[in-house]
Amino acid sequence: MHQYPASARQNHPFAIKPLLLALSGACGGLAFAQSGTPEPAPVKDLGVVTVDSGRPSSLPTQIPTTMEGISARQIEETVNAADSEDALKYFPSLLVRKRYDGDYNHAILSSRASGTGNSARSAVYADGILLSNYLGNGVSGLSFAPRWGLVTPEEIERVDVMYGPFSAAYPGNSAGAVVDYVTRMPTRFEARAKVSYAAQPFSLYGTDASLRSWQTSASVGNKSGDWSWLINASHSDNQGQPLTFASRTLASGTAGSAGKPVTGAVLARNTADQEIYVIGSGTQYHSQQDHLKLKLAYDVTPQLRASYVLGLWQNSAEGRPQSYLRDAAGQPVYSGKININGRDYAAPGAGDFPLSNESLSHAMHGFSLKSHTQGTWDWEVAASLYDYGRDLKRQNTTALPGAATGGAGTLADGSGTGWNTLDLKGTWRPEGPKGAHIVDMGWQLASYQLGYLTSAVAGNWITDPAGAMTSQVGGKTRLQSLYAQDSWAFAPRWKAVLGLRAEQWSARDGHTQVAGLLDQAWDSRSNFFASPKAALSYQLDRSSFLKASVGRAVRMPTVAELYGATSTTNSQYLNDPTLQPERSWTGELSYEKDLNHGLWRLTYFKESTRDGIYSQSIVDAAAGNKTISRVQNVGRVDTQGVETAFAGYDIGWIGLDLSASLTYAESIIQENDGFVSVPGDTIGRWQPNIPRWRATAVATYRLDDRSSATLAARYSGRQYRTLNNADVNGQAYMGVSPCFTVDVRLRHRIDRQWTAAFGIDNLNNAQYWNFHPYPQRTWRAELKYDL
């Protein structure tokens, strides 16, 4: 059991709850149990959160900076969690760009100063095993979202988040946030099962559909003597809404009678606020996913534990388009020159109506040997491997929906791609666990290998084998790191954490081949960087703290950004082997106040980033509406803002918990010579995907020991997707719009084993965008069994 400092317990009979808020802030304010039944909480002393339990977080256990968290019970009570990333839904300043249940390739995490196009500026772990995909960044070309599917919501014991690059134990990818999922291990025999269902009536442009998702999961585990084990399995069948849309600008048509007269085109406006005809939808996924995880732990001695985890994930997905156009006979039109309201337009093609089939099978392995003496020395050896065992994507190039035969296409094969890590860690307490110094140190190795072969399929794109090579890209990067960090209680009421991280980065074996155009082997590269870190806390009085943190982060270019040029019928990605690493200085200053029944936090943050790495996308109408993305360095981006969060329990009534957060950010491009459109026209513009305002609010009321009701809301303000802020209309495909959504959840424990829940996401049925349309009102129901 975590303990609250004795002096504070004497003053507050339930002070363990606001202390838990110190870790969880506005979201973890949800992180307490039923009234009068407190959950295990971390210790807080001098503004420093200390986690010490049988399932500790991999985050640093002694650092005075902003950390948030949420437990399994709060997730179950307050979040309609279909996927593991849903646990982050109400955290201050965080957003996961999840488009539908089971979104496996675009669910990117954003934070205070990092937008949804920058997945490589956050770090996601599960029990210390890397889930973030640093083979690439964002979703341009190939997609590099974290591997959320390797954790199910039912496995989660706790989620911890550290904001900013303030620990020397993490690479520069921690510039935005570090997320660690702590998953459950049994302490006795247990068996669990859950089934859930979601329905989303979706209406947009010419689409009017009812979309459904099913999810089932089960787990069984036990602890017997020195052994413990857990097996978790899940299956999901998900239907997503249309994600892309084909269009023609009104002005591009020519007056006359040429072309086939069609009806069904929808008049709308694009991101540049031009009038367009939307002629159809594309990339509507139907995916079926399976997850299997085995976890083993053996207590070699009472102070030494060996752990192994095997995770298997497979996904079969079909992407299908729909034409809104109809001919005189009422049949859908997918090709041929068209005439809309007396103006003829370019013929639709495979670029307008992409078809895709994906078959993915990935595996994760993790091993650790860790001591837990709490004496002078503790140490850990940890290794992990993530392998793209099978990664195949088929897509049409000329074939269109409704064709009698499959037609020509391409087959992209990324099998064998993956990464591995090795960590050697130590903790030195020269004066014991309560001494003035606690020193963490370690050596880390992370290696990434990318290889994608795209081949032509001349006959049937659905079934025929690969033919001639059309492109082949790949390469390797490696990061070796040494770090040391000292938590130093140098005076009464004061604590400092001083750290330094030294990194050696290299890139090699880079190659880019495009049939008939390019066959280039790139030179190897190597760089060395040092990143200092510092944090300081001062206890103003028994209930308030002042904390300051500063750190440098160096985010290295990924393999795909360096070498991964790709091209399909409807998209093209242009790499840059000369990219410079992204270098950031980040600082924050926080005041925390324990208000007895709640905790209030006020944080000022500031970040300056040089050579920021961005991928900018444009639509090339002349190339058949192909989306072309180019990666580049941006000279300097400065971000500053204020974040305030409150979380309290028993507010007004026993059993009523309230939490809220509000973030203001100003993120401006200060220098940039590399914009490919008009050099210099990005200066003074807003960084893409960073809203000026964000807010969350959550209210949970426990009617009794068995039932609870939650009402939650999220808001995100105006933002842009492009570096030059040319997308003035966010309420359109490829735009980023403001949003305000309300969610509800009702949970009832029927008896000791059975629990039912009902929820609605986006109760107000808001229509909003982040390049793609987000889900509309979604109804959810679930039934869970716990033995």
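Owing to the predicted nature of the structure, the values given are computational and were not obtained by experimental measurement. For every chain, the first residue of the written sequence is number 1, and numbering continues from 1 along that sequence. Predicted model: local features are reported for residues with pLDDT of at least 70 only, side-chain atom pairs are reported and counted for 80 or more only, and whole-chain, interface and lining totals are derived from all residues. Side-chain numbers here rest on the full set of heavy atoms in the structure, without hydrogens or water.

## Re the environment of Y125
Alright, step 1. A run of DSSP states H or I qualifies as a helix once it reaches four residues; a run of E qualifies as a strand once it reaches two. Both are numbered from the N-terminal end. Within the secondary structure layout, Y125 lies in strand β6 (residues 122-126).
Alright, step 2. In this scheme, a residue with accessible area under 20% of its type's maximum is buried, one over 50% is exposed, and one in between is partly exposed, where area comes from a 1.4 Å probe on protein chains only. On the basis of relative accessibility, which here comes to 10%, the residue Y125 falls in the buried class.
Alright, step 3. Counting along the chain gives 54 residues from Y125 to V179, while the straight-line C-alpha distance between them is 6.1 Å.
Alright, step 4. The contact rule is simple, with two residues in contact once any of their heavy atoms fall within 4.5 Å. Apart from residues lying up to four places away in sequence, Y125 is in contact with L130, L131, Y170, P171, V178, V179, D180 and Y181.

## Some details on the confidence of the model for the protein
Alright, step 1. Scored between 0 and 100, pLDDT is the confidence that the predictor attaches to each residue. Of the residues in the protein, 88% have a pLDDT of 70 or more, and the chain-wide mean is 88.
Alright, step 2. The weakest mean pLDDT in the protein belongs to helix α1 (residues 6-11) at 30; the strongest belongs to strand β40 (residues 754-761) at 98.
Alright, step 3. Counting contacts from residues 1-54, a segment whose pLDDT is below 50, to residues more than four positions away or on other chains yields 157 contacts.

## Remarks on the pairing of strand β8 (residues 156-163)
Alright, step 1. Burial analysis of β8 places 7 of its 8 residues in the buried class, the great majority of the element.
Alright, step 2. In this description, strands pair whenever DSSP reports at least two bridges between them. Relative to β8, strand β3 (residues 67-71) is paired through 5 bridges, and the arrangement is antiparallel. Looking at β8, one finds that E68 is bridged to V161.
Alright, step 3. Pairing geometry for β8 and strand β9 (residues 177-183), over 7 bridges, is antiparallel. Across the sheet, residue R158 finds its bridge partner in β9, namely V182.

## A short note on the environment of Y452
Alright, step 1. In this structure, Y452 sits in strand β25 (residues 437-457).
Alright, step 2. On the basis of relative accessibility, which here comes to 10%, the residue Y452 falls in the buried class.
Alright, step 3. Excluding residues that lie within four positions of it along the chain, Y452 makes contacts with L142, Y388, D391, D413, G414, T417, S471, Q472 and V473.
Alright, step 4. A polar atom in the side chain of Y452 sits 2.9 Å from the side chain of D391. For this analysis, a polar contact is any N or O atom pair within 3.5 Å, provided that within protein one partner can donate a hydrogen and the other can accept it, and provided that sequence-adjacent residues contribute only side-chain to side-chain pairs.

## As for the packing of aromatic side chains
Alright, step 1. Within 6.5 Å between ring centres, the rings of Phe, Tyr and Trp (the latter by its six-membered ring) count as paired, and their orientation is classed by plane angle as stacked under 30 degrees, edge-to-face over 60, tilted in between. Overall, the coordinates contain 26 aromatic pairs when judged by the stated rule.
Alright, step 2. Between Y386 and Y388, the ring centres sit 6.0 Å apart and the planes meet at 75°, which makes this aromatic pair edge-to-face.
Alright, step 3. Here Y386 falls in the buried class, since its relative accessible area comes to 2%.
Alright, step 4. Seen in terms of ring centroids, Y386 and W419 are 4.5 Å apart; in terms of plane orientation they differ by 10°. Their pairing is stacked. Taken together, the residues span a long stretch of sequence, with Y386 in strand β22 (residues 377-396) and W419 in strand β24 (residues 418-428) at a distance of 33 residues.
Alright, step 5. Here W419 falls in the buried class, since its relative accessible area comes to 2%.

## Considerations on empty space enclosed by the protein
Alright, step 1. Think of a 1 Å grid over the protein atoms and nothing else: a 1.4 Å probe that fits but is trapped marks a cavity, an open set flanked by protein within 12 Å on at least five of seven lines marks a pocket, and residues with an atom within 4 Å of a point count as lining. Grid points are joined across faces, edges and corners, and a volume is the space filled by probe spheres set on the points. Considering all chains together, one arrives at 5 cavities of 30 Å³ or more under this definition.
Alright, step 2. Lining the second largest cavity are 31 residues, with A82, D83, G149, V151 and Q289 sitting closest to its centre.
Alright, step 3. Among the elements of the structure, β10 (190-204), β11 (207-224), β12 (227-239) and β17 (275-301) are those that each provide at least two residues to the lining of the second largest cavity.
Alright, step 4. Here the element with the most residues in the lining of the second largest cavity is β12; it accounts for 4 residues.
Alright, step 5. Residues are grouped as follows: Ala, Val, Leu, Ile, Met, Phe, Trp, Tyr, Cys and Pro are nonpolar; Asp, Glu, Lys and Arg are charged; every other residue, Gly included, is polar. Split into classes, the residues belonging to the lining of the second largest cavity amount to 10 nonpolar, 14 polar and 7 charged.

## Considerations on the side chain of Q539
Alright, step 1. Inspection of the secondary structure assignment puts Q539 in strand β29 (residues 525-541).
Alright, step 2. A polar atom in the side chain of Q539 sits 3.3 Å from the backbone oxygen of D541.

## Quick notes on the sheet that holds β9
Alright, step 1. Pairing is mixed across the open sheet formed by 5 strands, whose spatial order is β3-β8-β9-β6-β7. At either end of the open sheet lies a strand with only one pairing partner, and these are β3 and β7 (129-130).

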